[in-house]
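# Structural overview
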Amino acid sequence: MCKRLLFLLAFLASWMVNGQSVPWLFKGSVKDVKGSVLPGATVSLIELKKYTTTNSDGQFAFSALPQGTYQVQVTHLGYQSSTQVVRSGNQPVVELTFTLQEDARQLSEVQVTGKTETQQAKLQPIKAEVINTKAVQEQPATLVELMNRSAGIRIRQTGGLGSDAGLMMNGFQGRAIKNFKDGIPMDYLGTGYNISLVPVNMLERVEVYKGVLPTSLGADALGGAVNLITKKSLYRYAEGSYEIGSFNTHRLSLNALYTDTTRRFFVGVDAFLNRSDNNYPVTVNVTDQETATQRPATVRLFHNRFTNYYAEIYGGLTHLRWADELRIGVTGFDIDRQNQYGATMSQPFGASVSRQYSIIPTLRYRKTVGKLSIDQFLTTNTIRVTQTDTARGTYDWYGNFIPSPSRQGEISVRGTLSTLDFSYHTSRTNLAYTFNDQHRLEFNLVSSNMTRVGRDPLGVTFRESGRDILTVKANYNKAVAALGLASTLLKERLSNQLIVKFYHYDTHAIDADYYGTEQPRSASIQRWGIAEALKFSLTSSTFLRASAELATRLPEQDELFGDGNFNRSNFQLLPERSTNVNLGFRTEKTGRYTLEVNSFYRITHDMILRVPVDFLFSQNQNVTNVRGLGVESDLTVSLWKWLRANGNFTYQNFRLFDTGNRIAEGSRLRNTPYFFANLGLTGTCSHVLSSRDKLHLYYYYLFVREYYLDYVPKAQEPSGLLGLWGKARFDAPNIIPNQSLHTVGFTYNPVSPWFSVGVQVKNLLNTPVYDNFRIQNAGRSIHLKVNYLLY
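The following paragraphs examine the structure supplied in this document. For clarity, every value in this text was computed on a predicted model and none was experimentally measured. Along each chain, the written sequence defines residue order, and numbers are assigned to residues from 1. Totals for whole chains, interfaces and linings use every residue, but because this is a predicted model, local features are given only for residues with pLDDT of at least 70 and side-chain atom pairs only at 80 or more, for both listing and counting. Side-chain figures throughout are based on the complete set of non-hydrogen atoms in the structure, without hydrogens or water.

### Notes on the sheet that holds strand 3 (residues 50-53)
Whenever strands of a sheet pair, they do so through backbone hydrogen bonds, lying parallel or antiparallel. Note the following rule: At least two bridges found by DSSP between two strands are what make those strands a pair. We count a stretch as a helix when DSSP gives it H or I for four or more residues in a row; a strand needs E for two or more, and each element gets its number in order from the N terminus. Angular values range over 0 to 180 degrees, each being the angle between N-to-C directions of two axes fitted as lines to C-alpha atoms, with helices fitted over their stretch in contact.
Ordered by their spatial adjacency, four strands build an open sheet running 3-2-5-6, and the pairing between neighbours is antiparallel. Because the sheet does not close on itself, it has two edges, and the strands there are strand 3 and strand 6 (79-87). For this sheet the average axis-to-axis angle between neighbouring strands, irrespective of direction, equals 20°. Inspection of the sheet shows strand 2 (residues 42-45) paired to strand 3 by four bridges, in the antiparallel sense. In the sheet register, Ser-44 faces strand 3, and the bridge partner there is Tyr-51.

### Section: the pattern of salt bridges
Rules: By definition, a salt bridge exists where a carboxyl oxygen of Asp or Glu is found within 4 Å of a side-chain nitrogen of Lys or Arg. For every residue, the accessible area obtained with a 1.4 Å probe (protein chains only) is divided by the maximum for its type, and the residue is called buried under 20%, exposed over 50%, and partly exposed between those limits.
For the structure on display, the rule yields 32 salt bridges. With its nearest N and O atoms 2.8 Å apart, the salt bridge here joins Glu-632 to Lys-210. Residue Glu-632 is located in strand 36 (residues 617-640), and its partner Lys-210 is located in strand 14 (residues 203-210); the two are separated by 422 residues in the primary sequence. We note that Glu-632, like Lys-210, is buried. Residues Arg-355 and Asp-334 are paired through a salt bridge, measuring 2.7 Å at the closest nitrogen-oxygen approach.

### Quick notes on the nonpolar core
Which entries qualify depends on this criterion: Nine residue types can take part in a nonpolar core, namely buried Ala, Val, Leu, Ile, Met, Phe, Trp, Tyr and Cys, and a core is a set of them joined through side-chain atoms within 4.5 Å.
Counting 78 residues, the largest nonpolar core has Met-147, Tyr-193, Val-226 and Leu-228 as its most contacted members. Per element, the largest residue contribution to this core is six residues, and it comes from strand 35 (residues 593-613). Within the second largest apolar cluster, 19 residues are counted, among which are Phe-26, Val-30, Leu-38 and Val-94.

### Notes on the environment of Trp-725
Quick note on the threshold: Every residue pair with non-hydrogen atoms within 4.5 Å of one another is taken to be in contact.
By secondary structure assignment, the location of Trp-725 is in the loop between strand 40 (707-708) and strand 41 (735-736). The class for Trp-725 is exposed, based on a relative accessible area of 53%. Each C-alpha atom of the pair Trp-725 and Glu-706 lies 9.9 Å from the other, and the pair is 19 residues apart in sequence. Here Trp-725 is in contact with Arg-705, Pro-718, Ser-719 and Gly-720, once residues within four sequence places are set aside.

### As for the packing of aromatic side chains
Put simply, the test is: Stacked, edge-to-face and tilted labels apply to pairs of Phe, Tyr and Trp rings (six-membered ring for Trp) whose centres lie within 6.5 Å, assigned for plane angles under 30 degrees, over 60, and everything in between, in that order. Geometrically, a charge over a ring is one whose NZ (Lys) or CZ (Arg) sits within 6 Å of the ring centre while staying within 35 degrees of the ring normal.
Applying the stated criterion to the full structure yields 23 aromatic pairs. Judged by centre distance (6.3 Å) and plane angle (40°), the rings of Phe-302 and Tyr-395 are tilted. In this pair, Phe-302 is assigned in the loop between strand 20 (294-300) and strand 21 (306-318) and Tyr-395 in strand 25 (residues 393-395), connecting sequence segments 93 residues apart. Site record: aromatic cluster; members linked through ring pairs are Phe-26, Phe-60, Phe-62 and Phe-98. One cation-aromatic arrangement involves Arg-327 over Tyr-314; the distance from NZ or CZ to the ring centre is 4.1 Å.

### What to know about the pairing of strand 10 (residues 165-169)
Here strand 9 (residues 153-157) pairs with strand 10 via five bridges, running antiparallel. By the bridge assignment, Gln-157 is partnered in strand 10 with Ala-165. The pairing of strand 10 with strand 11 (residues 172-173) spans two bridges and is classified as antiparallel. Bridge pairing links Met-169 to Phe-172 in strand 11. As consecutive antiparallel partners, strand 10 and strand 11 are separated by two residues, and within that stretch Asn-170 has a phi angle of approximately 50°, a positive value.

As structure tokens, then:
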């Protein structure tokens, strides 16, 4: 009897133990095809919505899992994802090894074979030049240099690191091309975050739209837009880079992101530092103090230091019932600048400085409810700009101070000690409704309210009241609404986007005339616009693209009010109006070549152009009538598996018409390059010094045909075909000569892709380089960059 009882108890105990869901451990490792471990891979248990990342040894583990069968997905940047099924069975520990194949689509700069986000942007009816910054983030290159290697794009700077960068694209320039960060207009960021400062490590890619803009951007642009796409979430990561270069240049960047295992909460930081003395040699006209005569001389810039700090701390919630994403961020930046010269290099300064800084809170909310998606962005902030000019004398180009007790400043006789506050309130609302796979309706509204107020104890005052002119508040309000319908027809062979826009702005301010009399200034304008973009696929890899637009570009607040430094106000500025037509063709053979040809035609009235005034300053002015056409072409060829070549050129012929001036009639648009071209070679070698290393070599060549700082009679232009050969029939300082720049460099990954060293020599032959307003840029420079990625 006892034996039977003991047997029964043992059976019940065994049944109870086996009948319960005993927690078990799942662990494993992730490697590449060569057997090297892959740290930082994301491992997901799909059914349980649990996530983790591999450690420095490529290992991962999930503990206390319930019994069952699960799909395990492993993803890693630069590799194809892998999915396996794991079953608990009766084992307390289950172990798996994942081997990932390299994905060339993510690692190649020019070859994209799948419909990634980058590829999708390239294939839209609206023309987009997509710059893959991930592919070149190890190079010690600036975003300006990367964009200048693309067809149809020229970014012109007024000096070295930190100088103003003006984008020119397909005949338009300056603020006619809008800048965005993740689809949000960047005006509220001032100059703290722009294409001349942002390290390429901070970005996933850059989308450059030419002509018509997507509805989601919906800005009042004429020539297109630049959309800086920040890096997407990699679950958890930290990345840092440091660059040192000639002229005491230092650039530092840091990106970090933490996401909890349920992916419901995230927090991160993006930060960068730019600093340079910019003390490179230039050739200028030096004035003899005794004879007042001028002669050319080569001197080194001595008061041109630039320092910029930027940081954004952000966090939020995702995958909630009431929000797909709620993101809150706080951004801060500070810019300190020594002013070596004004709008041109006609006169040096040795003591004037300026500063700009701000703290910026932001809020972004996204949610998809059925077929409706909502995307709302809000921010409010004040940017403070200060300008100090209190030297009682002037400087010469050798850095010598020449006292002048009657002066209160070196830039102007009365000097400057100004403080300006620019307050912004920006809202962007985007609503999209997907009817079906063929039709999608989208609405976008961007509204901006800005006020400017300040003080300058040394500045201009109104004659009657004696008030400081800057203490009078200036107001600027702008709203741009866009409604677009995107359609896909004929089994996805035909894509169409029809967009209707409404523009409104009003401004109120008080200016002073020559005698100091108060002059109230106000304007209010409403306009409508329409755009159409088509794409027709001839084959799976070949298509035609066409777009047309009736567009308006409203004057920006800094163009009307000035920027508080060297750009003067112009309250008489009128909106630009333009009719734009674009035609394009693209074809490719995967792994072999890609060819794209685009043409464009523009008729623009009241074009807003920034021009030098009074030698030291600049001002935005209207150019009544401009007409022109252009063509650009880009070809990429894989010469061998390890070597690729790329070349592109742009020709644009934009001229004045109906000027009423016989000399100016038919002249090329001033200060605008009309032909430029690029060539590039990139090669990759593996197993150079070890079995795990990789070496990337590259060479880039840039050519810019001579162009003119001012309007030149057509009869005095070069007589060669299209002006591409020969020389202008006059010799004057306003000719910006032919320029040829050579850049060489390499990046080396000694052990894994997560650590790299890059070296680059810019302007290898040390040729004189002139840019916006014929300001000379740096000659030869050498740069070293170290990049490390930690998962």
